[in-house]
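A closer look at the structure
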Amino acid sequence: MNEEQDVITLIDDKGNEELFDILFAFDETEKYNKRYIYVVAAGTEDEDEVDIQAFSSDIADTEVAAEGTLDQIEDEEEWKMVEERLNEWLEENEED
């Protein structure tokens, strides 16, 4: 992983804290008007198989990593859009 990545702390419903590296984020303003953020568990190495998680937040929150709320993506059509954008990003960032 890039050592200059931003790190955020996510807190689950039980109050457990876990660090995550932010892979990337993007804003979608035409249909959903949300910011989407993709994260992996902090400390994940490039050669490790990783579990990439995606969340959304209100686009008005300009600081994704600021104290705020990240929401689960539950709408099937929205999830497809998020997966497509992730696949594009993965292709663009593939190592040869």
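Right above here is the structure, for reference.
Residues numbered from 1 in each chain as written. Predicted model: local features only at pLDDT ≥ 70, side-chain atom pairs only at ≥ 80, totals over all residues. Heavy atoms only, no water.

1. Here's the deal with the pattern of salt bridges
Oppositely charged side chains can form a pair if their charged atoms are brought close together. Rules: A carboxyl oxygen of Asp or Glu within 4 Å of a side-chain nitrogen of Lys or Arg is what we treat as a salt bridge. Helix and strand labels come from DSSP, where a helix needs a run of H or I of at least four residues and a strand needs a run of E of at least two; each type is numbered from the N terminus. Relative accessibility under 20% of the residue-type maximum defines a buried residue, over 50% an exposed one, and the middle range a partly exposed one, all with a 1.4 Å probe and only protein chains included.
Taken as a whole, this structure holds 5 salt bridges when the rule is applied. The salt bridge partner of E88 is R85, with a shortest N-O separation of 3.9 Å. Here E88 and its partner R85 are both found in helix α1 (residues 76–92), 3 residues apart, which amounts to about one turn of the helix. Since its relative accessible area comes to 41%, E88 is described here as partly exposed.

2. Remarks on unusual backbone geometry
Phi angles above zero are rare outside glycine, and N33 is one such case at about 50 degrees. Within the secondary structure, N33 is located in the loop between β2 (17–28) and β3 (34–41).

3. Observations concerning the sheet that holds β2
Here is the rule: Two strands form a pair only when DSSP identifies at least two bridges running between them. Fitted lines through C-alpha atoms serve as axes, helices being fitted only where they are in contact, and the angles separating the N-to-C directions of these axes extend from 0 to 180 degrees.
Strand order in the open sheet formed by 4 strands is β1-β2-β3-β4, with antiparallel pairing between adjacent strands. With one partner strand each, in any of the chains shown, β1 (7–11) and β4 (53–58) form the two edges of the open sheet. Neighbour-to-neighbour, the strand axes of this sheet turn through a mean angle of 45 degrees, independent of strand direction. Here β2 runs beside β3; their pairing, made up of 8 bridges, is antiparallel. Bridge pairing in β3 places F20 opposite A41.

4. Focus on the pairing of β1
Burial along β1 is one-sided: the residues I8 and L10 are buried and none of V7, T9 and I11 is. Two successive antiparallel strands, β1 and β2, enclose a turn made up of 5 residues, where G15 displays a positive phi of approximately 90 degrees.

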